[in-house]
Amino acid sequence: MSVYKRPGKETYSYDFIVGGRRFSGDTGATKKRDAKGFEDNQRQIAKAIVTAETAGDGSTMTFEAAALRWYHEVGQHHKNFETTLKVLDWLKQNLGAGTDLRDIDDALVARLVAKRRGERVRRRHKDGKMHEGNFVSPATVNRTCTQPLREIILRAKNVWKASVGDVAFGKHLLKERGERIREASVEEESAIMEQLGRGYDDAVRFAFLNGCRRMEILGLEWRHVDFFSRRFTVTGKGGHSRTIPMSQETFEILWAQKDHHPVRVFTFEAKRTRKELDLVRGRRYPLTESGLKSAMRRAVPAAGVTNFRFHDTRHTAATRVLRKSNLRVAQRLLGHADIATTTKYAHALDEDLRAALEATSSPTRNPTEATTAEANDMEKKRNSD
């Protein structure tokens, strides 16, 4: 059976049999061509799974078979599964699809890491062409090379009971630069907000107030907003949700959005009609990740602000909250499972204490002196105590 639409569904489903096993699911695509491409990919994965499961005692497995099976069981459920597919494709091309897992050792992983580390980031410039930028960061090397390879091999060894090579992956993880903490000043925030509009301003101000991640804001739906109890719920990394109480300004921002869209909270007003994107001038549509990124990339330099990214709104909110409360409150706001992650914002308290200590080193301009009578009274009081 090819791809098809179930009654009442907008997206296509797939259903096929490989090796006597049935594979079915939702493609997530509304166009038949896209759905067919998804189905073809699932067929490849299914063939790899059946091959791996029928390969005798399972003691041998190629990297391609392991990667496809890992994607079927784990990777396809990632929020950014398209990125996961690109990572697996890079590993397959540079490691070799037919490479036996038993042949992957420290020397091979070291060469693979060096290869990834020597590549450059490619970005599309305003001229529409792709240009090479800086070398990929150590964090990117870890996330797109070492860590996914480790996950595949460990699953093959511990879950599928396949024979694998001996690799000390901890030695191949590159040291990552510590996460910076960039707090916007009140003036910088005001300058950025002046450059935003059409709904992007509301989303960014909401971020400054509540420290939510970009995808948490874009994914916020009305069913998760409770005006009666003045709370809203966002879903963050790993599908973990947290409920945040509304401040008065947050309440006003959300209330102003309530008639714009039946599902999504934050929307933008189309500046012009674009048939290829199904946009009509003056109408409102849910904010997109690319749209919000572009809005911030234009607004920040236009405001005369440097070295500031959207994620820094989260840093700004956390630092401001910490100054008025404590680490536990900041931890709850940000949704950190481990308070150790929140302690990086403790610099705010250090700076406030440092400012107070600097004040004590300044000479008093008008020192107060007690009169002789007052001094005698205090001395009598101390003696009586």
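Before reading on, note that the structure itself is shown above.
Re the overall build of the protein chain
Argument step 1. A tally of regular secondary structure across the protein chain gives 15 helices and 10 strands.
Argument step 2. Considering the protein chain as a whole, with its 385 residues, one finds that 36% of them fall into the buried category.
Argument step 3. By sequence separation, contacts in the protein chain at least 24 residues apart represent 56% of the contacts at least 6 residues apart.
Argument step 4. For the protein chain, the accessible area works out to roughly 23,600 Å², and carbon and sulfur atoms hold 49% of it.

A few points about the sheet that holds strand β7 (residues 231-235)
Where strands meet in a sheet, backbone hydrogen bonds hold them as pairs that are either parallel or antiparallel.
Argument step 1. One open sheet holds the three strands; their spatial order is β6-β7-β8, and the pairing between them is antiparallel. Both outer strands of the open sheet, β6 (225-226) and β8 (241-245), are each paired with one neighbouring strand and no more.
Argument step 2. Pairing of β6 with β7 involves two bridges; the strand directions are antiparallel. Within the sheet, the bridge partner assigned to Val-225 lies in β7 and is Phe-232.

Considering the packing of aromatic side chains
Two aromatic rings are characterised by how far apart their centres lie and by the angle between their planes.
Argument step 1. Taken as a whole, this structure holds 12 aromatic pairs when the rule is applied.
Argument step 2. A centroid spacing of 6.0 Å and a plane angle of 50° characterise the contact between Tyr-14 and Phe-38, whose relative ring orientation is tilted. Pair noted here: Tyr-14 is in strand β2 (residues 12-18) and Phe-38 is in helix α1 (residues 32-53), with a separation of 24 residues, a long-range link. Side by side, Tyr-14 and Phe-38 carry an identical accessibility label, which is buried.
Argument step 3. A centroid spacing of 5.9 Å and a plane angle of 10° characterise the contact between Phe-251 and Trp-255, whose relative ring orientation is stacked. Of this pair, Phe-251 and Trp-255 both sit in helix α9 (residues 248-257), separated by four residues, roughly a single helical turn.
Argument step 4. Taken together, the ring pairs in this structure connect Tyr-14, Phe-16, Phe-23 and Phe-38 into an aromatic cluster.

Section: the pairing of β7
Argument step 1. Only one face of β7 is covered, namely the one carrying Phe-232 and Val-234; the face carrying Arg-231, Thr-233 and Thr-235 has none of its residues buried.
Argument step 2. What sits between β6 and β7 in their antiparallel hairpin is a turn of four residues, with Arg-230 showing a positive phi close to 55°.
Argument step 3. Where β7 and β8 come together, five bridges link them in antiparallel fashion. Considered in β8, the bridge of Phe-232 is made with Ile-244.
Argument step 4. The turn linking β7 back onto β8 is made up of five residues, and Gly-238 within it adopts a positive phi angle of 70°.

A short note on the side chain of Thr-267
Argument step 1. If you trace the backbone, Thr-267 turns up in strand β9 (residues 267-269).
Argument step 2. A distance of 2.8 Å separates a polar atom in the side chain of Thr-267 from a polar atom in the side chain of Arg-284.
Argument step 3. Dropping the residues within four chain positions of it, Thr-267 is found in contact with Arg-198, Gly-199, His-260, His-261, Arg-284, Tyr-285, Pro-286 and Leu-287.

Cut-offs applied
- Positions within a chain are numbered from 1, following the residues in the order the chain's sequence is written.
- Local features in this predicted model are restricted to residues of pLDDT 70 or higher, and side-chain atom pairs are both shown and tallied only at a pLDDT of 80 or more, whereas totals for entire chains, interfaces and linings draw on every residue.
- In computing side-chain properties, one takes all heavy atoms of the structure into account and sets aside hydrogens as well as water.
- Numbering of helices and strands runs from the N terminus; a helix is a DSSP stretch of H or I covering at least four residues, while a strand is a stretch of E covering at least two.
- Only protein chains enter the accessibility calculation, which uses a 1.4 Å probe; a residue is then buried when its area is under 20% of its type maximum, exposed when over 50%, and partly exposed in between.
- Contact definition: two residues touch when any of their heavy atoms are within 4.5 Å.
- All accessible-area figures derive from a Shrake-Rupley calculation using a 1.4 Å probe, and residue coverage is judged against the displayed protein chains alone.
- For two strands to be treated as a pair, DSSP must find no fewer than two bridges joining them.
- Two rings from Phe, Tyr or Trp (for Trp, the six-membered ring) form a pair when their centres sit within 6.5 Å of each other. Planes less than 30 degrees apart are called stacked, planes more than 60 degrees apart edge-to-face, and all others tilted.
- As used in this structure description, the phrase polar contact means that two N or O atoms lie within 3.5 Å; if the pair is within protein, one of them must be able to donate a hydrogen and the other to accept it, and residues adjacent in sequence are counted only when both atoms belong to side chains.

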